[in-house]
Amino acid sequence: MAELYSTFSRLLKANPASTLIDFGFVPPVASLESQESSYHPFLLIEGNLGVPANAIPPLCRFSHSVFFKLANQFSADHKCLADSDLDELDASSTCLLLMNPEIYTAWNIRKKLLALQRLNATEEMALIDLVLSKHPKRPAAWSHRAWLLPRLRETSTNIDKLLTHELKICDQAAQRHRMNYHAWTHRWKVVRTAPLDFRLSAFKSTRKYISSHISEHSAFAHALAVLESILKDPDFTTPLELFQEQVLESMKLIVSYPGHKSPWCYLQGLFLISGRCGLSTVVVDARVREELGIVHSVAIETVDGSQFSEVDVMDWLEALIQKHTFDVSQKEGGILVPLFQFASWIIQASKRVIESRKGVAESGTIWHNQIEIALDFQLYLLLGVDGVDDIKMDLKQNVKDAGGWPSFLLAV
Amino acid sequence: MTPKLAVAKHVTYVQELDNKKDSFEYWAGEHLRLNGVYWGLTSVHLLKHPEALDSAQIIEYVMSCQHTNGAFGGHIGHDPHLLYTLSAVQILATLDALDRIDADQIATYVKSLQQPDGSFSGDEYNEIDTRFSYCAVNCLSLLNRLRQPYIDVDRAVEFIHSCKNFDGGYGSVPGAESHSGQIFCCVGALAILGRLELIETDRLGWWLAERQLKNGGLNGRPEKLEDVCYSWWVLSCLSIMDRIHWINRDSLVDFILNAQDTEGGGIADRPGDVSDVFHTLFGVAGLSLLGYPDLEPVDPRYCMPCSVIKRLGIQ
Ligand SMILES: [Zn+2]
């Protein structure tokens, strides 16, 4: 065990985290026997470090005993430790945390070593990068990162580069584990206090991420938070345009990827934050009542056989939105949001997209999901709106007629 | 066919956790052992088998995790943290052993973690999270120290309220994505503090009810898989807000029961997976909230037996 640990420490001393790209566990090897001339049984190929699965338990147990023995002495009085002991504390905690980043006491000792300037902050960030490459959602590693970042910021000469690196690490962690709450929250902590330009570019990159990760609700929620901070920024000059563009974009996503919940949540969110951003009032007017029932009738209408290409449908949808919504709204000094029209258009457009993909086995389920989410969306937006009891009742009847709906839709 | 709740198997499962000391998995979970003890102890209490574990032994173990500042670490030799301090206080409260600790000292420690904006850091290193607001509020409530000169309750409420999102849910910090675990922490803390009027009940209830999937299980966020622990995080909030009837009770009960290991005992995150003590507690607690027969009633704010909360004189 001691030899395994010392080989691993020797490897990391010669190849510190800042020279490594990726860390991971690899299949077990026949012999864990160390060889002086190499790093066997560890793999090091072009900056990729691999630990064989059968080396993990002995490595953990040995580094654990080294670490906790020294850590207890250190906590009692750090001055009683020799320089070599402090180096050992660094090596053993590094080894331990690469195997199990949840041992928060080991991160804490490293914080103390950083304060004593026994460790270098930039190199420490590289170690966290390496740990996250294997363990992208371990909260203690993210917590250590959040603690370290402001310290690096204080001494950094290139804040933009520092923050851009944070976004890169968050994106990688998000790619490695979908719906990674810690990665998206860290990204938000980095972005929310950044200058407007940085937030705008972070928003752009998140939108790009969304376009290839349609079920990543975390990314949509993050985009919405960043968008709100941009819309509320007094230095941002075109909030209405950006808002309209986002409404349109989310509707296009809903139509292009029918049956997915995330883009609907985003559209819902746009309506709900618009008031807080001083952009619109949600108006339920007479025309809404005329539109009532469209979703229902589309749902039961038989396929008429007409074929549309996806592009046609998008153009049609875009023209419809431009014509009916924003022209009207600007005259009235705010964005008029005829709730039911939105959902109805989306459903009509979706139907054509789904028809154009006829032959796809799941199209029936997709269609059912899309209708279900649309009804849910409509009812949801009426929450807390006065004077629409009759509309709610009608919608609930639709829900009931369709059968098999969640009980809360009928309870509200 | 859905099996019945395998009470005896689960009790044995929890009893035997400690006999696995030599296994690497058990050993590797050392840093949160104190949480594990809370999960196991609360499980057997809710299963109406409080005699299954040795109280004196547990109390000695808990005390061995305490530091000189009154706070607790996750295990002997691990640093103090609010997460483990709450578990320690919950365990001691359940075992009627709060006289073993100095409540004023712990309340002073908790106070030292409150930030000017009312939020709480988990330890001295300033990580802010609404989970820690919950830990602080729950812990001080159990210790009957939810008042001056300890924490600033109004500020604590203000911070939690600032984490409310447009969808009615709550995240870990202001603006972070709504997450059922964080929502439980915020709603639970507001319930303990008697400030439920700050919650958008219908909007949040809707969001929570939407967590139920076709197979009856609940997920923690949109587009996630169902998971037994969310039976607790989601259900406890719906219960606090009196909206438990918004989800389908029978299909959720079936989902939890199908996630049991009816041979080896314990409950897994979902049917077919390996059981663990964390999901065992939250599965059993969820069943208790759903009114499953012959279980001890659970308090949705504290995730502890109602009888314990009553004994402490908490309303
Ligand atoms: Zn779970």
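What counts and how
Residues numbered from 1 in each chain as written. Chains lettered and ligands numbered in written order. Predicted model: local features only at pLDDT ≥ 70, side-chain atom pairs only at ≥ 80, totals over all residues. Heavy atoms only, no water. Helix = DSSP H or I, 4+ residues; strand = E, 2+ residues; numbered from the N terminus. Buried < 20%, exposed > 50% of the residue type's maximum accessible area, 1.4 Å probe, protein only. Contact = heavy atoms within 4.5 Å. Areas by Shrake-Rupley, 256 points an atom, 1.4 Å probe, with all protein chains shown as cover. Donors = N, O, S within 2.8 Å, 3.2 Å for Na, K, Ca; no water. Pairing = 2+ DSSP bridges. Axes fitted to C-alpha atoms, helices over the stretch in contact; angles between N-to-C directions.

Participant: Give a description of the overall build of chain A that names residues and reports values.
Facilitator: A tally of helices and strands in chain A yields 19 helices and five strands. Put simply, chain A has 412 residues, and 52% of those count as buried. Of the contacts formed within chain A by residues at least 6 apart in sequence, a portion of 71% connects residues at least 24 apart. As presented, chain A carries roughly 17900 Å² of accessible surface, and 53% of it is formed by carbon and sulfur atoms.

Participant: Describe the coordination of the zinc ion, with residues and values.
Facilitator: Residues and elements named next belong to chain B. Asp227 (OD), Asp227 (OD), Cys229 (SG) and His279 (NE2) make up the full set of protein donors to the zinc ion, lying at 2.1 to 2.4 Å. Going along the chain, you hit the donors of the zinc ion in the pattern D-x1-C-x49-H. Of this pair, Asp227 sits in the loop between α10 (201–209) and α11 (229–240) while His279 is found in helix α13 (residues 277–289), placing the two residues 52 residues apart along the sequence. Note on His279: relative accessible area 9%, which makes it buried.

Participant: Which residues make up the sheet that holds strand β1 (residues 22–26) of chain A, and what values do they have?
Facilitator: Residue and element names in this part refer to chain A. Here three strands make up an open sheet; going across it, the order is β1-β3-β2 and the pairing mixed. A single partner strand is all that each edge strand has here, and the edge strands are β1 and β2 (43–45). Direction aside, neighbouring strands of the sheet carry axes that sit 20 degrees apart on average. In this sheet, strand β3 (residues 48–52) lies alongside β2 in antiparallel orientation, the contact comprising three bridges. Across the sheet, residue Leu43 finds its bridge partner in β3, namely Gly50. Strands in contact with helix α1 (residues 2–14) are β1, β2 and β3; relative to β3, the strand with the most contacts, it is inclined by about 175 degrees.

Participant: Quick rundown of the pairing of β3 of chain A? Include the residues and the values.
Facilitator: Residue and element names in this part refer to chain A. The buried fraction of β3 is high, at four of five residues. Judged from the five bridges that link them, β1 and β3 form a sheet pairing that is parallel. Opposite Phe25, over in β3, you have Val51 as the bridge partner. Linkage of β2 to β3, two consecutive antiparallel strands, is achieved through a turn of two residues, within which Glu46 is found at a positive phi near 45 degrees.

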